[in-house]
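# Structural description and commentary
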Amino acid sequence: MAMESLLSTPVIVGVSTFVVLVLIIGLIRLKGQFSKQSAHQRQQYRALEKELQKANKQLLEVRSVVVGLGQQVGEQKDIIQHLNERIAELEHADNDGRLYTRASKMVQLGAGLHELIEECELPKAEAELMMSLQKKLAGQEKIPPLETNPDKASKPVRKRS
């Protein structure tokens, strides 16, 4: 009988109801925990999404700065190339100037025609011109007067008989 009383319908229904209630309470707790985890994960997702957008904006800014710097570097390279070419031109032009300056000083110091030609590598006509100019500047030679009408000077004057 004791067995029969344990297996009676009201006891079985009571135990079944208790088990179902325990399961329902467990499911409700699990649902609450899952809801909290889901809310936490959504919050983390939003925070990461904001960080990603911020990083993308920074990347675009850095990219635009790099492009600008690349253009400036290219412009600076062009300027440097132009300046190097100009320096080379000036050095070449300055070499010629140095030769004439040296030749002028040599004439002032009394150098002769052959000395100018050899030392300064000047053509004979230029060396003669340098010597003539220096003599005229020093007052050793007279400077010929300029004629107002060069046509008269080139034509010989005829006498009428």
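A brief look at the structure comes next. (Residues numbered from 1 in each chain as written. Predicted model: local features only at pLDDT ≥ 70, side-chain atom pairs only at ≥ 80, totals over all residues. Heavy atoms only, no water.)

## Looking at the pattern of salt bridges
In the structure shown here, the tally under the stated rule is 2 salt bridges. For E89, the salt bridge goes to R86, with nearest N and O atoms at 3.3 Å. One end of the pair is E89 and the other is R86, both in helix 2 (residues 9–108) and 3 residues apart, which spans about a single turn. According to the relative accessible area criterion, E89 is partly exposed, its value standing at 46%. A salt bridge links R102 to E119; its shortest N-O distance comes to 3.2 Å. Note that R102 is positioned in helix 2 and E119 in helix 3 (residues 113–120), a separation of 17 residues in sequence. (Salt bridge = Lys/Arg side-chain N within 4 Å of Asp/Glu carboxyl O. Helix = DSSP H or I, 4+ residues; strand = E, 2+ residues; numbered from the N terminus. Buried < 20%, exposed > 50% of the residue type's maximum accessible area, 1.4 Å probe, protein only.)

## As for the environment of T101
Here T101 shows up in helix 2. Separated by 19 residues in sequence, T101 and C120 have C-alpha atoms that sit 9.7 Å apart.

## Some thoughts on unusual backbone geometry
Even without a glycine there, the phi angle at E121 is positive, about 55 degrees. Considering the arrangement of structural elements, one finds E121 in the loop between helix 3 and helix 4 (124–138).

## A word on the side chain of Q134
With respect to the helices and strands, the residue Q134 is situated in helix 4. Accessibility expressed as a relative area gives 14% for Q134, which makes it buried. The residues touching Q134, leaving out its near neighbours within four places in the chain, are S104, V107 and Q108. (Contact = heavy atoms within 4.5 Å.)

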